[in-house]
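The primary structure of each chain is shown beneath.
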Amino acid sequence: MNLHRSSDAELIRLHGISDPNALGVLLRRHQDRMWTVAIRILGEHDEAAAALQDAFASIVRRTPRSCADADVIIWLHKTVVDACLARITRRQARERRSDILEALQHLAPEQRIALVLVDMQGYSPEQAATILGCTPITVRHRCARGRARLLPLLPARAKR
């Protein structure tokens, strides 16, 4: 059987019954359009390439058993969009974390330490108090004062 002449739905079906080449033919057939979606969403070649690799991995892991031709294209593009959105979310999280770490440097050390322990590491005020050798109320006050000082130091994107 010539896989290159098979419909998208047929390639999905063949992949589902263990044809090792069917999915590759399908992905090669649609890779240019998938690339276009990724580059237009992300705007950077490296990010788009990474998102496309993430999408391909997801497609290999979660290929449906059967699908109509039109649904195959929608599924492929949705997978690319999801991979792009995941990259955007991770990038924004890294940027926010970087902004917060930079702003923390402007706080008094006792406020910074309390905030790191409670807000970033997840310790309760009681646990942080044990670590710091003070009372839980002192930790709560340091955190409250630190947060109040921290907020105006953060760029708008880190406050979301």
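Since we're looking at a predicted model, the values are computed, not measured.

**Some thoughts on the environment of threonine 36**
- As for its placement among the helices and strands, threonine 36 is situated in helix H2 (residues 22–42).
- Counting along the chain gives 15 residues from threonine 36 to alanine 51, while the straight-line C-alpha distance between them is 12 Å.

**Looking at the packing of helix H1 (residues 8–16) against H2**
- Contact geometry for H1 and H2: axes closest at 8 Å, N-to-C directions at 150 degrees. Judged by the inter-axis angle, H1 sits roughly antiparallel to H2. The handedness of the crossing between H1 and H2 is left-handed. The segment H1 lies against H2, with Asp8, Leu11, Ile12, Leu14 and His15 engaging Ala22, Leu23, Val25, Leu26, Arg29 and His30.

**Quick notes on the nonpolar core**
- If you look at the biggest cluster of nonpolar residues, it comprises 27 residues, and the most contacted ones within it are Leu26, Leu27, Met34, Ile59, Leu76 and Val80.
- Elements with a contribution of two residues or more to this core: H1, H2, helix H3 (45–61) and helix H4 (69–104).
- When residues in this core are grouped by element, the largest group, 9 residues, is from H2.
- Once you skip the residues sitting within four places of it in the chain, valine 80 turns out to touch Met34, Val37, Ala38, Leu52 and Ala55.
- Within the second largest apolar cluster, 13 residues are counted, among which are Val118, Ala128, Val139 and Leu150.

Calculation notes
- Residues numbered from 1 in each chain as written.
- Predicted model: local features only at pLDDT ≥ 70, side-chain atom pairs only at ≥ 80, totals over all residues.
- Heavy atoms only, no water.
- Helix = DSSP H or I, 4+ residues; strand = E, 2+ residues; numbered from the N terminus.
- Axes fitted to C-alpha atoms, helices over the stretch in contact; angles between N-to-C directions.
- Parallel < 35°, antiparallel > 145°, perpendicular 65-115°, else oblique.
- Left-handed = near helix turned anticlockwise from the far one by under 90°.
- Contact = heavy atoms within 4.5 Å.
- Core = buried A, V, L, I, M, F, W, Y, C linked by side-chain atoms within 4.5 Å.
- Buried < 20%, exposed > 50% of the residue type's maximum accessible area, 1.4 Å probe, protein only.

Just geometry here; none of it tells us what the structure is for.
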